[in-house]
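# Understanding the architecture of this molecule
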Amino acid sequence: MASAKEMIAYRAAQELSNGDVVNLGIGLPTLVSNYIPPDVHIILQSENGILGMGELCMLGEEDKDCVNSGNQFVKVLPGASYFDSATSFGIIRGGHVDITILGALQVDETGTLASHIVPGKMVPGMGGAMDLVEGAKKVIIATTHTAKGAPKLLNKVTLPITAVNKVDMIITELAVIEVTKEGFLLKEIAHDTTAEEVQNLTEAKLLVSSELKTMLPYQE
Amino acid sequence: MASAKEMIAYRAAQELSNGDVVNLGIGLPTLVSNYIPPDVHIILQSENGILGMGELCMLGEEDKDCVNSGNQFVKVLPGASYFDSATSFGIIRGGHVDITILGALQVDETGTLASHIVPGKMVPGMGGAMDLVEGAKKVIIATTHTAKGAPKLLNKVTLPITAVNKVDMIITELAVIEVTKEGFLLKEIAHDTTAEEVQNLTEAKLLVSSELKTMLPYQE
Amino acid sequence: MINKILSLEEAMAFLHDGDTVMIGGFMACGTPEIFMDEIVKKNIKNLKVIANDTGVPGKGIGKLISAKLIKELTASHIGLNPETGAQMTAGELKVTLVPQGSLAEMIRAGGAGLGGVLTSTGVGTEIEEGKQKITLNEKEYLIELPLSADVAFIHGSVVDKAGNVFYNSTTRNFNSIMATAAKTVIVAAEKIVEIGELDANHIMTPGIFVDYIVGGEG
Amino acid sequence: MINKILSLEEAMAFLHDGDTVMIGGFMACGTPEIFMDEIVKKNIKNLKVIANDTGVPGKGIGKLISAKLIKELTASHIGLNPETGAQMTAGELKVTLVPQGSLAEMIRAGGAGLGGVLTSTGVGTEIEEGKQKITLNEKEYLIELPLSADVAFIHGSVVDKAGNVFYNSTTRNFNSIMATAAKTVIVAAEKIVEIGELDANHIMTPGIFVDYIVGGEG
């Protein structure tokens, strides 16, 4: 039985198309690369300065100079390139990343995101998240639907904001939600839930798509 | 007998010190590199993307990809580097060029320069001149003292301005003039002229240095 | 892997009358000549060109000038092509002159998603006209706005099939920044190599910026 | 030719208590460790550090954090070093968090003589605080100001005796931009080579930016 995280990562991977330039956030989003369909070739960007990032290194394969933005040793694929941080964020801010998949603390129905800080508790800093959310052509949030039962999909973000009106889509273990001008549009639900149950775990009102589908179930 | 241009270029070359990063404008200033003392090693920048530029190529020596900003084939010295135009002007605007030597149509006693345009006559555009005058640590104007007898060193520039209050020094075939807060300070005159004669060919008032010297005469 | 290699004819289908076009090069060094020739051959007109200069008659962008295909020009220098000045004086060509360093930053800003940059270059000169000024720490700056284009035609010395570009020597100039700032970027390659033949450390323009590659340059 | 090669001890004489210091690296990859160790050894204090992050305890800038040598920090991320957060909470360390892309542009602007850059990153967030905003074409931007430093400590994979630097793989990160933005730039070289051994096309930081070279890194 797949974990919620695996299910989310699996479904998020289906959003990627051949040739897409993709930046995956640290944590859950990184798992997405495990589930990319074999006929889909994407170009992974790592904001510390790689295009064409490959797999994590196995023990003994490490090149001490080649890490990803999570400070893990990685390989690069043929055709990869390296660059400095200003160029890297020129790529990001300039709209040359097709899709970024990131985690979230909170998202609201206007597509506003909080992901980088919990005052008094967690103060890691925004790293590259603010620029990624601002600059990527499509922003997908991959997150568990709730935090220990507390809704993360809200009417209005209450934590410090990472970016305003920028999230396009939210993928959780329960649902796929598009952020529209009218608010959250429920497009898919997991096979073992109902729109009502998803609504109960969501603070903001969900508009239910007339073409509501069942989420593609997880496959090894 | 040396020409006025040779005399100016020769004297200007004496302003360069070991290790200086120098950008020479097209025309007369380019001649300066012919007269750099043998114990002085400077680093020539060419704004199209070279640090460590060497001599002009002789016929048959050309690399089609390596030109200077005057579109002449050049050599590069060991330790040279190439870069793009944004980086090149980062070097220039960022104050990493120690000295630029440029020509002028007019300079006034506030150090304001006109060098790039004569309305209705010559409209070449400013190229890199505005950034060079703005960004270089020291701006030396190397020019004939007059244009066919008409003064070029004025109370106030009348042609379109290239940069405001940026010229530090003017070297002509007749004089070396420092631009001070009080105006033009005559520091050196050619051996065959007098301060009075220089003043007669200069519109702006010349303050004469108490340590007025004779210009180093041209030597082959 | 997506095939990016096109014939010259196929590539030119991406350029249309009236388009805004960036063209790399500095006085024709690093200007993609095969595209200049093909634009003239196809007689694609009313172009709005962004480039450092217009080369010389018969070379580089000078070919487009001679054929009177440019309607508006943004450049830093036109002095070495008297035809450009003549067309400007005759009212056939609208020329906007921009300091070279500002031009480079404006193109970079267009590619890097910046709303503009602040430079003191041009303060107190005619360059100020129509531009917003701002004073910070008692120093005046012009706000120079980003530039972008429909198509960028660039030169590449060595290009791999993924579109990664290496520029030799001084051919880099405006090519690498223009590659970031246009909807469609087409490179004229002197040499096309297999993916992996270029060292990842030596790539100057990542392949994601390059849409199409045409061989046969230089 | 001026000799730029110094001993570690000689190089450290350029850093003083209270200086503003840029330190290259991204999570300690490409951070010049020999300088971190020497700063701790010399106990140079009250530093104002500009860097992407503070590494982890015992690695990279984490060494300076553990020794409590930093008074003010400008960074994009401190999450992987809990000591940094603890010192901040205890009021021992003033931290200014900046989005990573803005940080890179601010450093670049400092080196490139720009008065600032306009970015929409951070609009509508706490990042706005104390910053000037500007609206262009109905879009809001923050004016992010240039950063510069007294000293920049950078890492170089291969450095020639003229100070030209090649950075291998992902070690380039903030090193190349910081090299442009400090009064004194000191590189920790993994390998020092003769002038001319680096290909002019592969040099990532021209030697004019580097004041001093110290060997023995990595």
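Criteria and cut-off values
- Residues numbered from 1 in each chain as written.
- Chains lettered and ligands numbered in written order.
- Predicted model: local features only at pLDDT ≥ 70, side-chain atom pairs only at ≥ 80, totals over all residues.
- Heavy atoms only, no water.
- UniProt positions renumbered as here; feature names shortened; annotations may be inferred.
- Contact = heavy atoms within 4.5 Å.
- Buried area = accessible area lost by both parts, 1.4 Å probe.
- Salt bridge = Lys/Arg side-chain N within 4 Å of Asp/Glu carboxyl O.
- Polar contact = N/O pair within 3.5 Å; in protein donor to acceptor, adjacent residues only side chain to side chain.
- Helix = DSSP H or I, 4+ residues; strand = E, 2+ residues; numbered from the N terminus.
- Nonpolar A, V, L, I, M, F, W, Y, C, P; charged D, E, K, R; others polar.
- Axes fitted to C-alpha atoms, helices over the stretch in contact; angles between N-to-C directions.
- Parallel < 35°, antiparallel > 145°, perpendicular 65-115°, else oblique.
- Pairing = 2+ DSSP bridges.
- Buried < 20%, exposed > 50% of the residue type's maximum accessible area, 1.4 Å probe, protein only.
- Right-handed = clockwise from strand over helix to strand, strands pointing away.

Chain C carries the name Butyryl-CoA:acetoacetate CoA-transferase alpha subunit in an unreviewed UniProt entry, which gives Lachnotalea glycerini as its organism. For chain C, the Sequence similarities (unreviewed entry) comment in UniProt is given as "Belongs to the 3-oxoacid CoA-transferase subunit A family."

Chain A goes by 3-oxoacid CoA-transferase subunit B in an unreviewed UniProt entry, where it is assigned to Lachnotalea glycerini. What the UniProt record of chain A gives under Sequence similarities (unreviewed entry) is the line "Belongs to the 3-oxoacid CoA-transferase subunit B family."

## What to know about the interface of chain B and chain C
Interface size is commonly expressed as the accessible surface area that is lost when the partners come together. Taken together, the contact pairs 33 residues of chain B with 38 residues of chain C. Taking both sides of the interface into account, the surface hidden between chain B and chain C amounts to around 2800 Å²; carbon and sulfur atoms contribute 58%. Summed over the shared surface of chain B and chain C, the number is one salt bridge. Between Lys64 of chain B and Glu190 of chain C there is a salt bridge, with the nearest N and O atoms lying 3.0 Å from each other. In this assembly, chain B and chain C are joined by 19 residue pairs in polar contact (both at pLDDT 80 or more). At four residues, the largest contribution of residues to the side of chain B that touches chain C is made by helix α3 (residues 85-93) of chain B. Taken together, the residues of the side of chain B that touches chain C break down into 16 nonpolar, nine polar and eight charged.

## Some thoughts on the packing of helix α3 (residues 85-93) of chain A against helix α5 (residues 100-112) of chain C
A pair of packed helices is characterised by two quantities: the angle between their axes and the separation of those axes. Closest axis-to-axis distance for the α3 of chain A/α5 of chain C pair is 7 Å, and the angle between their directions is 60°. Taken as axis vectors, α3 of chain A and α5 of chain C run oblique relative to one another. Facing Ala86, Phe89, Gly90 and Arg93 of chain A of α3 of chain A, the residues of α5 of chain C in contact are Arg108, Gly111 and Ala112 of chain C. Here the contact of α3 of chain A with α5 of chain C is composed, by residue class, of three nonpolar, two polar and two charged.

## Some details on the sheet that holds strand β6 (residues 106-108) of chain B
All names here are of chain B. Reading across the sheet, the three strands line up as β7-β6-β11 and stay open at both edges, with mixed pairing between neighbours. With one partner strand each, in any of the chains shown, β7 (113-114) and β11 (153-154) form the two edges of the open sheet. Relative to β11, β6 is paired through two bridges, and the arrangement is parallel. From the neighbouring strand, Asp108 faces β11, where its bridge partner is Leu154.

## Overview of unusual backbone geometry
Trans is the prevailing form of peptide bonds, just as negative phi is the prevailing case for residues other than glycine. We note that Asn165 of chain A has phi near 55°; this positive angle belongs to a residue other than glycine. With respect to the element layout, Asn165 of chain A can be found in the loop between β11 (153-154) and β12 (169-171). Although it is not a glycine, Ser169 of chain D sits at a positive phi angle of roughly 50°. When you line up the elements, Ser169 of chain D lands in the loop between β10 (165-166) and α6 (175-178). Judged by relative accessible area, which is 1%, Ser169 of chain D ranks as buried.

## Details of the pairing of strand β2 (residues 47-50) of chain D
Residues and elements named next belong to chain D. For strand β1 (residues 20-23) and β2, the ladder comprises three bridges, and the chain directions are parallel. Its bridge partner lying in β2, Val21 is registered against Val49. Read as a crossover between parallel neighbours, the route from β1 over helix α2 (residues 33-42) to β2 is right-handed. Note: β2 against strand β3 (residues 70-75), four bridges, orientation parallel. Each bridged residue has a counterpart across the sheet, and for Lys48 the counterpart in β3 is Glu72.

## Points about α2 of chain D
Those residues of α2 of chain D that sit buried are Glu33, Ile34, Phe35, Met36, Glu38 and Ile39 of chain D. Asn43 of chain D sits one or two residues past α2 of chain D and shows a positive phi near 55°.

## A closer look at the interface of chain A and chain C
Facing 18 residues of chain A, the contacting portion of chain C comprises 17 residues. Buried area between chain A and chain C, summed over both chains or domains, comes out near 1300 Å², and the portion from carbon and sulfur atoms is 66%. Its largest share of buried area at the contact with chain C, chain A owes to Tyr82, Arg93 and His96 of chain A, together 34% of the area lost on that side. Linking chain A with chain C are zero salt bridges. The tally of links between chain A and chain C comes to five residue pairs in polar contact (both at pLDDT 80 or more).

## Details of the sheet that holds strand β6 (residues 133-136) of chain C
The strands making up a sheet associate through backbone hydrogen bonding, with each pair oriented either parallel or antiparallel. Spatially, the six strands line up as an open sheet ordered β6(C)-β7(C)-β5(C)-β5(D)-β7(D)-β6(D), and their pairing is antiparallel. Each edge of the open sheet is held by one strand with a lone partner, namely β6 of chain C together with β6 (133-136) of chain D. Each strand axis lies, on average, 30° off the axis of its neighbour in the sheet, ignoring direction. In terms of strand pairing, strand β5 (residues 116-119) of chain C meets strand β7 (residues 139-144) of chain C through three bridges, oriented antiparallel. Each residue of the ladder has a partner; that of Leu118 of chain C, found in β7 of chain C, is Ile143 of chain C.

## Thoughts on the environment of Thr31 of chain C
Residues and elements named next belong to chain C. Tracing the backbone through its elements, the reader meets Thr31 in the loop between β1 (20-23) and α2 (33-42). For Thr31 and Ile154, which are 123 residues apart along the polypeptide, the C-alpha to C-alpha distance reads 6.7 Å. Once you skip the residues sitting within four places of it in the chain, Thr31 turns out to touch Ile23, Gly24, Gly25, Phe26, Met36, Gly60, Ile61, His155 and Glu217.

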